Amino acid sequence: MTNASIMFTAFIVSIICSVIVFVAGLFSGVVRMGTLFLRTFYALVMACAATYFILMVFDWYYEKKKKKFDESQTAANDKPVEGNATENPAVANPQPVEQPAEQVGFKPLNPEVVSSK
């Protein structure tokens, strides 16, 4: 999950909690409107913060798990193949690897060559 989707999810959950608090306060009939709005706002803020925290903990856990999985995959891919050398002659007598051609790129000019022209 991205941070934006985590924040959006936390905001949606907090809106739902706020609606529940507001409707419960309306039906109870013992809460003044100022107090009801204050409680609704408090529910919005606290539910948003708690949901964001919980989602970030899960995201941290899954990222840690994914990193460990990726490291184990690269370690498994880098592990040399073990076996009897007589079974596979290519392993017993490896061919030399061709050297890549010289790379063409930026090379600074020799000032002596440039000044002689």
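Quick look at the structure, then. (Residues numbered from 1 in each chain as written. Predicted model: local features only at pLDDT ≥ 70, side-chain atom pairs only at ≥ 80, totals over all residues. Heavy atoms only, no water.)

## Considering the overall build of the chain
Step number 1: Helix and strand counts for the chain come out as 4 helices and 0 strands.
Step number 2: Secondary structure elements of the chain, listed N to C terminal, follow the sequence α-α-α-α.
Step number 3: Per-residue burial for the chain yields a buried fraction of 11% across its 117 residues.
Step number 4: If you take every contact in the chain between residues at least 6 apart in sequence, the share linking residues at least 24 apart comes to 59%.
Step number 5: Within the structure as shown, the chain displays about 10,500 Å² of accessible surface, and the carbon and sulfur contribution to it stands at 67%. (Helix = DSSP H or I, 4+ residues; strand = E, 2+ residues; numbered from the N terminus. Buried < 20%, exposed > 50% of the residue type's maximum accessible area, 1.4 Å probe, protein only. Contact = heavy atoms within 4.5 Å. Areas by Shrake-Rupley, 256 points an atom, 1.4 Å probe, with all protein chains shown as cover.)

## A word on helix 2 (residues 33-78)
Step number 1: Spanning 46 residues, helix 2 covers 66 Å between terminal C-alpha atoms, matching the ideal 68 Å at 1.5 Å per step.
Step number 2: Taken together, the buried positions of helix 2 are Leu 36, Thr 40, Ala 43, Ala 47, Thr 51, Leu 55 and Asp 59. (Expected span 1.5 Å × (residues − 1).)

## Quick word on a nonpolar patch on the surface
Step number 1: Taken together, the side chains of Phe 8, Phe 11, Ile 12, Ile 15, Ile 16, Val 19, Ile 20, Val 23 and Phe 27 make up a nonpolar region of the molecular surface, amounting to roughly 890 Å² of accessible area.
Step number 2: On the secondary structure map, Ile 16 appears in helix 1 (residues 3-28).
Step number 3: With relative accessibility at 49%, the residue Ile 16 sits in the partly exposed group. (Patch = residues over 30% accessible without salt bridge, like charges linked within 9 Å, V, L, I, M, F, W, Y side chains within 5 Å. Salt bridge = Lys/Arg side-chain N within 4 Å of Asp/Glu carboxyl O.)

## Quick word on the packing of aromatic side chains
Step number 1: Applying the stated criterion to the full structure yields 2 aromatic pairs.
Step number 2: Between Tyr 61 and Tyr 62 the ring centres are 5.4 Å apart and the planes differ by 65°, which places this aromatic pair in the edge-to-face class.
Step number 3: By relative accessible area, Tyr 62 is classed as partly exposed at 48%. (Phe/Tyr/Trp six-rings, centres within 6.5 Å; stacked < 30°, edge-to-face > 60°.)

## A closer look at the side chain of Thr 51
Step number 1: For Thr 51, the location among the structural elements is in helix 2.
Step number 2: The exposure class assigned to Thr 51 is buried, which follows from its relative accessible area of 15%.
Step number 3: At 2.7 Å, the side chain of Thr 51 and the backbone oxygen of Ala 47 are in polar contact.
Step number 4: In this structure, Thr 51 is in contact with Ala 10 and Val 13, ignoring residues within four places of it in sequence. (Polar contact = N/O pair within 3.5 Å; in protein donor to acceptor, adjacent residues only side chain to side chain.)

## Quick notes on the environment of Phe 11
Step number 1: Within the fold, Phe 11 resides in helix 1.
Step number 2: Given the relative accessible area of 42%, Phe 11 is considered partly exposed.
Step number 3: Put simply, Phe 11 and Leu 44 are 33 residues apart on the chain and 8.1 Å apart in space, counted from C-alpha to C-alpha.

## A closer look at the pattern of salt bridges
Step number 1: Within the structure shown, the criterion is met by 1 salt bridge.
Step number 2: The salt bridge involving Asp 70 is made with Lys 66; its shortest N-O contact spans 3.3 Å. With Asp 70 and Lys 66 both in helix 2 and 4 residues apart, the pair spans about one turn of that helix.
Step number 3: Residue Asp 70 is classed as partly exposed on the basis of its relative accessible area, which comes to 35%.
Step number 4: On the basis of relative accessible area, Lys 66 is assigned to the partly exposed category, the value being 48%.

In short, geometric facts, not functional conclusions.
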